[in-house]
Amino acid sequence: MRAAILREYGEPLEIRTVPDPEPEPDGAVVRVDACGVCRSDWHAWAGHGEWADDRVPRGQILGHEPAGEVVAVGREVERFRAGDRVVVPFSLGDGTCQYCRRGAGNVCEDGRALGFEPEAPGAFAERVAVPTADYNLVERPEWLDATAAAALGCRYMTAYHALAERATVGGGDAVAVHGCGGVGLSAVQIAAALGARVVAVDVDDDALALATEFGADAAVNPASLPEESSVPERVRALTDGGADVSLDALGIAETCRNSVRSLRPRGTHVQVGLTTDAERGEVSLPTDWMTRWEISFLGSRGMPPTSYPDLFALIEATGIDPGALVARELSLSEVSDRIAAMDEYDVRGVEVVTDFGG
(Lines give C-alpha, C1' and ligand atoms only; values in the text may rest on other atoms or scores of the structure.)
Protein backbone atom coordinates (compact mmCIF):
# COMPACT_ATOMS: atom_id res chain seq x y z
CA MET A 1 0.00 0.00 0.00
CA ARG A 2 1.05 3.63 -0.44
CA ALA A 3 1.83 5.63 2.69
CA ALA A 4 3.27 9.04 3.69
CA ILE A 5 6.24 8.62 6.03
CA LEU A 6 8.09 11.13 8.21
CA ARG A 7 11.76 10.84 7.25
CA GLU A 8 13.25 14.14 8.44
CA TYR A 9 11.66 16.87 10.55
CA GLY A 10 10.55 19.81 8.45
CA GLU A 11 11.22 18.00 5.17
CA PRO A 12 8.70 16.55 2.67
CA LEU A 13 7.10 13.27 3.68
CA GLU A 14 8.24 10.25 1.70
CA ILE A 15 5.45 8.61 -0.31
CA ARG A 16 6.31 4.97 -0.86
CA THR A 17 4.92 1.45 -0.90
CA VAL A 18 4.92 -0.48 2.39
CA PRO A 19 3.40 -3.87 3.31
CA ASP A 20 -0.31 -3.97 4.05
CA PRO A 21 -1.03 -4.23 7.79
CA GLU A 22 -2.46 -7.41 9.28
CA PRO A 23 -5.00 -7.33 12.12
CA GLU A 24 -3.97 -8.29 15.63
CA PRO A 25 -6.13 -11.06 17.15
CA ASP A 26 -8.33 -8.40 18.78
CA GLY A 27 -7.79 -5.81 16.04
CA ALA A 28 -9.02 -4.79 12.62
CA VAL A 29 -7.69 -3.32 9.40
CA VAL A 30 -9.58 -0.43 7.84
CA ARG A 31 -9.39 0.74 4.22
CA VAL A 32 -8.90 4.49 4.52
CA ASP A 33 -11.39 6.39 2.38
CA ALA A 34 -10.58 9.80 3.90
CA CYS A 35 -8.12 11.20 6.44
CA GLY A 36 -7.95 14.77 7.71
CA VAL A 37 -4.76 16.83 7.76
CA CYS A 38 -4.45 18.42 11.19
CA ARG A 39 -2.22 20.90 13.01
CA SER A 40 -1.15 17.99 15.22
CA ASP A 41 0.36 16.48 12.06
CA TRP A 42 2.26 19.75 11.64
CA HIS A 43 3.60 19.49 15.20
CA ALA A 44 4.78 15.94 14.43
CA TRP A 45 6.30 16.96 11.09
CA ALA A 46 8.11 19.89 12.74
CA GLY A 47 9.60 17.65 15.42
CA HIS A 48 7.84 19.30 18.35
CA GLY A 49 7.10 17.59 21.64
CA GLU A 50 10.50 16.51 22.94
CA TRP A 51 9.94 18.76 25.98
CA ALA A 52 7.01 16.48 26.92
CA ASP A 53 8.68 13.22 25.86
CA ASP A 54 6.15 13.21 23.03
CA ARG A 55 8.25 13.73 19.91
CA VAL A 56 7.10 11.62 16.97
CA PRO A 57 9.98 9.41 15.75
CA ARG A 58 11.32 9.50 12.22
CA GLY A 59 10.01 6.63 10.15
CA GLN A 60 6.43 7.11 11.40
CA ILE A 61 3.45 6.90 9.05
CA LEU A 62 1.54 10.06 9.97
CA GLY A 63 -2.21 10.71 9.84
CA HIS A 64 -4.72 10.34 12.66
CA GLU A 65 -8.19 11.31 11.37
CA PRO A 66 -9.33 8.33 9.28
CA ALA A 67 -12.71 7.09 8.19
CA GLY A 68 -13.32 4.12 5.93
CA GLU A 69 -14.42 0.52 5.74
CA VAL A 70 -13.30 -2.55 7.66
CA VAL A 71 -11.50 -5.02 5.38
CA ALA A 72 -10.23 -7.59 7.91
CA VAL A 73 -10.72 -8.47 11.57
CA GLY A 74 -8.85 -10.65 14.06
CA ARG A 75 -10.32 -13.86 15.40
CA GLU A 76 -11.24 -12.29 18.76
CA VAL A 77 -13.26 -9.38 17.32
CA GLU A 78 -16.99 -9.66 17.96
CA ARG A 79 -18.61 -6.32 17.10
CA PHE A 80 -17.22 -5.68 13.61
CA ARG A 81 -16.78 -7.48 10.33
CA ALA A 82 -15.53 -6.74 6.81
CA GLY A 83 -17.70 -4.17 5.08
CA ASP A 84 -18.61 -2.13 8.17
CA ARG A 85 -18.31 1.65 7.73
CA VAL A 86 -16.31 3.14 10.58
CA VAL A 87 -14.55 6.10 12.14
CA VAL A 88 -11.23 5.53 13.92
CA PRO A 89 -10.46 7.72 16.98
CA PHE A 90 -6.80 8.73 17.30
CA SER A 91 -6.83 8.05 21.06
CA LEU A 92 -6.72 4.26 21.12
CA GLY A 93 -7.50 2.70 24.51
CA ASP A 94 -6.89 -0.85 25.69
CA GLY A 95 -10.50 -1.08 26.83
CA THR A 96 -9.59 -2.59 30.22
CA CYS A 97 -7.83 0.03 32.36
CA GLN A 98 -9.66 1.98 35.05
CA TYR A 99 -10.01 5.01 32.74
CA CYS A 100 -11.37 3.06 29.76
CA ARG A 101 -13.89 1.34 32.05
CA ARG A 102 -15.05 4.75 33.28
CA GLY A 103 -15.53 6.16 29.78
CA ALA A 104 -12.22 8.04 29.60
CA GLY A 105 -10.33 5.93 27.07
CA ASN A 106 -8.61 9.03 25.68
CA VAL A 107 -6.38 8.99 28.79
CA CYS A 108 -5.91 5.20 28.84
CA GLU A 109 -2.97 4.08 30.97
CA ASP A 110 -1.74 1.84 28.14
CA GLY A 111 -3.18 3.74 25.19
CA ARG A 112 -1.72 4.35 21.78
CA ALA A 113 -1.86 7.55 19.73
CA LEU A 114 -2.69 6.75 16.10
CA GLY A 115 -0.11 8.19 13.74
CA PHE A 116 2.22 9.40 16.50
CA GLU A 117 4.09 6.31 17.71
CA PRO A 118 5.61 3.19 16.09
CA GLU A 119 3.05 0.90 17.76
CA ALA A 120 0.26 2.75 15.92
CA PRO A 121 1.18 3.51 12.28
CA GLY A 122 -1.04 6.28 10.95
CA ALA A 123 -3.65 6.76 8.27
CA PHE A 124 -1.90 8.76 5.56
CA ALA A 125 -2.00 5.35 3.92
CA GLU A 126 -4.38 3.15 2.00
CA ARG A 127 -5.01 0.98 5.06
CA VAL A 128 -4.63 1.37 8.81
CA ALA A 129 -4.53 -1.19 11.62
CA VAL A 130 -6.71 -0.59 14.68
CA PRO A 131 -5.93 -2.42 17.97
CA THR A 132 -8.67 -3.54 20.38
CA ALA A 133 -11.24 -3.01 17.65
CA ASP A 134 -14.31 -3.81 19.73
CA TYR A 135 -13.46 -0.89 22.00
CA ASN A 136 -11.85 1.58 19.60
CA LEU A 137 -13.74 1.31 16.34
CA VAL A 138 -16.88 3.40 15.95
CA GLU A 139 -19.65 2.45 13.55
CA ARG A 140 -20.39 5.27 11.12
CA PRO A 141 -24.05 6.28 10.70
CA GLU A 142 -25.53 5.97 7.22
CA TRP A 143 -25.92 9.74 6.98
CA LEU A 144 -22.22 10.40 7.60
CA ASP A 145 -19.97 10.03 4.56
CA ALA A 146 -16.25 9.31 4.87
CA THR A 147 -15.09 12.86 4.10
CA ALA A 148 -17.31 14.43 6.76
CA ALA A 149 -16.38 11.64 9.17
CA ALA A 150 -12.68 12.43 8.66
CA ALA A 151 -13.47 16.03 9.61
CA LEU A 152 -14.84 14.60 12.87
CA GLY A 153 -11.75 12.47 13.42
CA CYS A 154 -9.71 14.81 15.64
CA ARG A 155 -10.63 18.45 15.61
CA TYR A 156 -14.40 18.11 15.77
CA MET A 157 -14.51 15.43 18.43
CA THR A 158 -11.76 17.24 20.33
CA ALA A 159 -13.87 20.39 20.36
CA TYR A 160 -16.96 18.43 21.42
CA HIS A 161 -15.16 16.73 24.30
CA ALA A 162 -13.59 20.03 25.41
CA LEU A 163 -16.84 21.99 25.41
CA ALA A 164 -19.61 19.49 26.12
CA GLU A 165 -17.80 17.07 28.41
CA ARG A 166 -14.92 18.91 30.04
CA ALA A 167 -16.41 22.42 30.36
CA THR A 168 -20.10 21.34 30.23
CA VAL A 169 -21.16 24.27 28.06
CA GLY A 170 -24.91 24.84 28.08
CA GLY A 171 -27.58 27.14 26.70
CA GLY A 172 -26.94 30.82 27.35
CA ASP A 173 -23.26 30.43 28.20
CA ALA A 174 -20.82 32.88 26.66
CA VAL A 175 -17.97 31.04 24.93
CA ALA A 176 -14.81 32.61 23.50
CA VAL A 177 -12.76 30.65 20.95
CA HIS A 178 -9.18 31.82 20.42
CA GLY A 179 -7.83 30.63 17.06
CA CYS A 180 -10.17 29.73 14.20
CA GLY A 181 -8.36 26.96 12.39
CA GLY A 182 -9.91 23.52 12.12
CA VAL A 183 -10.42 22.86 15.83
CA GLY A 184 -11.44 26.46 16.49
CA LEU A 185 -14.10 26.46 13.78
CA SER A 186 -15.31 23.10 15.08
CA ALA A 187 -15.57 24.62 18.55
CA VAL A 188 -17.55 27.57 17.19
CA GLN A 189 -20.03 25.28 15.45
CA ILE A 190 -20.42 22.98 18.45
CA ALA A 191 -20.70 25.78 21.01
CA ALA A 192 -23.43 27.40 18.93
CA ALA A 193 -25.22 24.04 18.65
CA LEU A 194 -25.07 23.71 22.45
CA GLY A 195 -26.88 27.03 22.74
CA ALA A 196 -23.95 29.24 23.65
CA ARG A 197 -23.25 32.80 22.58
CA VAL A 198 -19.89 32.62 20.77
CA VAL A 199 -17.09 35.13 20.31
CA ALA A 200 -14.46 34.09 17.76
CA VAL A 201 -10.92 35.50 17.93
CA ASP A 202 -8.35 35.30 15.13
CA VAL A 203 -5.87 37.52 13.27
CA ASP A 204 -7.26 36.41 9.89
CA ASP A 205 -10.44 38.07 8.62
CA ASP A 206 -11.22 35.14 6.32
CA ALA A 207 -11.09 32.74 9.26
CA LEU A 208 -13.38 35.06 11.22
CA ALA A 209 -15.80 35.18 8.30
CA LEU A 210 -15.96 31.38 8.38
CA ALA A 211 -16.48 31.47 12.14
CA THR A 212 -19.41 33.84 11.69
CA GLU A 213 -20.83 31.55 9.02
CA PHE A 214 -20.58 28.60 11.44
CA GLY A 215 -22.37 30.32 14.30
CA ALA A 216 -20.19 32.95 15.98
CA ASP A 217 -22.19 35.92 17.27
CA ALA A 218 -19.19 38.25 17.31
CA ALA A 219 -15.67 38.29 15.86
CA VAL A 220 -12.50 39.90 17.20
CA ASN A 221 -9.35 40.51 15.18
CA PRO A 222 -6.51 41.54 17.51
CA ALA A 223 -4.77 43.32 14.63
CA SER A 224 -7.79 45.62 14.21
CA LEU A 225 -8.11 46.68 17.84
CA PRO A 226 -7.03 50.18 18.92
CA GLU A 227 -3.70 50.35 20.74
CA GLU A 228 -5.35 51.06 24.08
CA SER A 229 -7.53 47.95 23.83
CA SER A 230 -6.77 44.23 24.20
CA VAL A 231 -8.41 40.94 23.27
CA PRO A 232 -9.55 40.17 26.84
CA GLU A 233 -11.05 43.64 27.21
CA ARG A 234 -12.92 43.28 23.94
CA VAL A 235 -14.21 39.80 24.82
CA ARG A 236 -15.36 41.00 28.25
CA ALA A 237 -17.18 43.92 26.63
CA LEU A 238 -18.93 41.61 24.16
CA THR A 239 -19.94 39.11 26.87
CA ASP A 240 -21.11 41.53 29.57
CA GLY A 241 -18.25 40.89 31.95
CA GLY A 242 -16.37 37.92 30.52
CA ALA A 243 -16.83 34.52 28.95
CA ASP A 244 -18.16 31.60 30.98
CA VAL A 245 -15.88 29.31 28.97
CA SER A 246 -12.85 30.29 26.90
CA LEU A 247 -10.93 27.88 24.70
CA ASP A 248 -7.40 28.22 23.34
CA ALA A 249 -7.43 26.34 20.06
CA LEU A 250 -3.96 27.45 18.95
CA GLY A 251 -1.49 26.89 21.79
CA ILE A 252 0.84 29.87 21.70
CA ALA A 253 1.49 31.85 24.89
CA GLU A 254 -0.46 34.89 23.71
CA THR A 255 -3.69 33.01 22.92
CA CYS A 256 -3.49 30.99 26.14
CA ARG A 257 -3.12 34.06 28.33
CA ASN A 258 -5.73 36.00 26.35
CA SER A 259 -8.14 33.11 26.81
CA VAL A 260 -7.63 33.01 30.59
CA ARG A 261 -7.95 36.79 30.92
CA SER A 262 -11.18 36.79 28.86
CA LEU A 263 -13.08 34.93 31.58
CA ARG A 264 -15.60 36.21 34.08
CA PRO A 265 -15.24 35.26 37.76
CA ARG A 266 -15.51 31.47 38.20
CA GLY A 267 -15.06 31.01 34.45
CA THR A 268 -13.37 28.03 32.83
CA HIS A 269 -10.43 28.03 30.45
CA VAL A 270 -9.94 24.93 28.26
CA GLN A 271 -6.54 24.26 26.71
CA VAL A 272 -6.71 22.33 23.45
CA GLY A 273 -3.89 23.81 21.34
CA LEU A 274 -0.39 22.40 21.79
CA THR A 275 2.63 24.67 22.20
CA THR A 276 5.47 25.26 19.75
CA ASP A 277 9.25 25.62 20.04
CA ALA A 278 8.69 29.12 21.40
CA GLU A 279 6.88 27.88 24.53
CA ARG A 280 8.24 24.33 24.77
CA GLY A 281 5.24 23.25 26.80
CA GLU A 282 5.39 26.09 29.34
CA VAL A 283 3.21 29.24 29.49
CA SER A 284 3.26 31.74 32.36
CA LEU A 285 -0.19 32.55 33.76
CA PRO A 286 -1.68 35.19 36.11
CA THR A 287 -2.14 32.68 38.93
CA ASP A 288 -2.87 35.25 41.66
CA TRP A 289 -5.63 36.74 39.50
CA MET A 290 -6.92 33.24 38.72
CA THR A 291 -7.00 32.43 42.43
CA ARG A 292 -8.76 35.69 43.27
CA TRP A 293 -11.55 35.06 40.76
CA GLU A 294 -11.66 31.26 41.10
CA ILE A 295 -10.73 30.60 37.48
CA SER A 296 -10.61 26.94 36.39
CA PHE A 297 -7.93 25.74 33.95
CA LEU A 298 -8.72 22.48 32.14
CA GLY A 299 -6.70 20.41 29.71
CA SER A 300 -8.53 18.47 27.02
CA ARG A 301 -7.24 15.90 24.54
CA GLY A 302 -9.21 14.06 21.89
CA MET A 303 -12.36 12.24 22.94
CA PRO A 304 -13.12 8.76 24.30
CA PRO A 305 -14.54 6.43 21.65
CA THR A 306 -17.51 5.83 23.95
CA SER A 307 -18.58 9.48 23.48
CA TYR A 308 -19.23 9.19 19.75
CA PRO A 309 -22.93 8.27 20.14
CA ASP A 310 -23.51 11.52 22.07
CA LEU A 311 -21.68 13.53 19.40
CA PHE A 312 -23.67 11.85 16.63
CA ALA A 313 -26.89 12.58 18.53
CA LEU A 314 -25.99 16.27 18.80
CA ILE A 315 -25.29 16.45 15.06
CA GLU A 316 -28.60 14.78 14.21
CA ALA A 317 -30.63 16.81 16.69
CA THR A 318 -29.26 20.21 15.66
CA GLY A 319 -28.53 19.69 11.97
CA ILE A 320 -24.98 21.02 12.23
CA ASP A 321 -22.76 19.88 9.39
CA PRO A 322 -19.14 18.90 10.11
CA GLY A 323 -18.68 18.35 6.39
CA ALA A 324 -19.18 22.08 5.84
CA LEU A 325 -15.80 22.63 7.50
CA VAL A 326 -14.03 20.73 4.70
CA ALA A 327 -12.41 23.38 2.55
CA ARG A 328 -10.29 21.17 0.31
CA GLU A 329 -9.86 17.54 -0.71
CA LEU A 330 -6.31 16.34 -1.34
CA SER A 331 -4.29 13.55 -2.86
CA LEU A 332 -1.71 11.77 -0.71
CA SER A 333 1.11 13.44 -2.63
CA GLU A 334 -0.19 16.89 -1.63
CA VAL A 335 -0.03 16.26 2.12
CA SER A 336 3.54 17.51 2.61
CA ASP A 337 2.85 20.88 1.03
CA ARG A 338 -0.36 21.37 2.99
CA ILE A 339 1.31 20.51 6.29
CA ALA A 340 4.16 22.91 5.48
CA ALA A 341 1.59 25.63 4.74
CA MET A 342 0.64 25.54 8.42
CA ASP A 343 4.00 27.21 9.16
CA GLU A 344 2.38 30.45 8.00
CA TYR A 345 -1.17 29.52 9.07
CA ASP A 346 -2.02 29.33 5.37
CA VAL A 347 -4.86 26.82 5.80
CA ARG A 348 -8.58 27.58 6.03
CA GLY A 349 -11.05 25.15 7.53
CA VAL A 350 -10.34 21.42 7.33
CA GLU A 351 -8.40 19.70 4.54
CA VAL A 352 -8.96 16.00 3.90
CA VAL A 353 -7.04 13.38 1.90
CA THR A 354 -9.49 11.45 -0.28
CA ASP A 355 -7.19 10.26 -3.09
CA PHE A 356 -4.58 7.75 -1.91
CA GLY A 357 -3.38 6.86 -5.39
CA GLY A 358 -2.33 10.37 -6.38
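Residues numbered from 1 in each chain as written. Predicted model: local features only at pLDDT ≥ 70, side-chain atom pairs only at ≥ 80, totals over all residues. Heavy atoms only, no water.

Under an unreviewed UniProt entry, the name given to the protein chain is Alcohol dehydrogenase, and the source organism is Halorubrum sodomense. The UniProt entry for the protein chain carries the following text under Cofactor (unreviewed entry): "Zn(2+)". Here is the UniProt Sequence similarities (unreviewed entry) comment for the protein chain, exactly as written: "Belongs to the zinc-containing alcohol dehydrogenase family." (UniProt positions renumbered as here; feature names shortened; annotations may be inferred.)

**Student:** Explain the packing of helix α4 (residues 146–166) against helix α10 (residues 308–318) to me, and be specific about the residues and the numbers.
**Tutor:** Two elements in contact, α4 and α10, have axes separated by 11 Å at closest approach and are oriented at 85°. One element, α4, and the other, α10, form an angle in the roughly perpendicular class. Contacts from L152, G153, Y156, M157 and Y160 in α4 reach Y308, D310, L311, F312, L314 and I315 in α10. Grouping the constituent residues of the contact of α4 with α10 by class yields nine nonpolar, one polar and one charged. (Axes fitted to C-alpha atoms, helices over the stretch in contact; angles between N-to-C directions. Helix = DSSP H or I, 4+ residues; strand = E, 2+ residues; numbered from the N terminus. Parallel < 35°, antiparallel > 145°, perpendicular 65-115°, else oblique. Contact = heavy atoms within 4.5 Å. Nonpolar A, V, L, I, M, F, W, Y, C, P; charged D, E, K, R; others polar.)

**Student:** An account of the nonpolar core is requested, with residue identities and associated values reported.
**Tutor:** F124, L137, L163 and L247 are the most contacted members of the largest nonpolar core, which has 94 residues in total. Broken down by element, the residue count for this core peaks at 13 residues, all from α4. Split by domain, this core shows at least three residues from each of two domains, domain 1 (2–154 + 303–355) and domain 2 (156–299). Listed in part, the 13 residues of the second largest apolar core include A176, V199, A218 and I295. (Core = buried A, V, L, I, M, F, W, Y, C linked by side-chain atoms within 4.5 Å. Buried < 20%, exposed > 50% of the residue type's maximum accessible area, 1.4 Å probe, protein only. Domains from an automatic or database assignment.)

**Student:** I'd like a rundown of the UniProt feature "domain: Enoyl reductase (ER)" (unreviewed entry) in the protein chain, residues and numbers included.
**Tutor:** The sites that UniProt annotates as "domain: Enoyl reductase (ER)" (unreviewed entry) are residues 10–353. Annotation note: span residues 10–353, helix share 28%, strand share 22%, distance between end C-alpha atoms 20 Å.

**Student:** Tell me about the side chain of D204, and please be specific about residues and values.
**Tutor:** With respect to the helices, strands and loops of the structure, D204 is situated in the loop between β11 (197–201) and α6 (205–213). One polar contact links the side chain of D204 to the main-chain amide nitrogen of D206, over a distance of 2.7 Å. A distance of 2.9 Å separates a polar side-chain atom of D204 from the backbone nitrogen of A207. If we skip the residues at most four places from it in the chain, D204 touches N221 and R348. (Polar contact = N/O pair within 3.5 Å; in protein donor to acceptor, adjacent residues only side chain to side chain.)

**Student:** Hey, could you go over the pairing of β11 for me, with residue numbers and the actual values?
**Tutor:** For β11, the buried fraction is high: four of the five residues fall into the buried class. Both strand β10 (residues 174–178) and β11 contribute to a ladder of five bridges, which runs parallel. Bridging across to β11, H178 finds its partner in V201. Between β10 and its parallel partner β11, the chain crosses via helix α5 (residues 182–193), and the hand of that crossover is right-handed. Bridge analysis of β11 against strand β12 (residues 218–220) gives three bridges, and the strand direction is parallel. Looking across to β12, one finds that V201 is bridged to V220. Handedness of the crossover joining β11 and β12 through α6 is recorded here as right-handed. (Pairing = 2+ DSSP bridges. Right-handed = clockwise from strand over helix to strand, strands pointing away.)

**Student:** Provide a residue-level description of the environment of L314, including the pertinent values.
**Tutor:** Examined against the element boundaries, L314 turns out to sit in helix α10. Here L314 falls in the buried class, since its relative accessible area comes to 13%. Expressed as a C-alpha distance, the spacing of L314 and E279, which sit 35 residues apart in the sequence, is 35 Å. What L314 contacts, discounting residues up to four positions off in sequence, is Y160, I190, A193, L194, G319 and I320.

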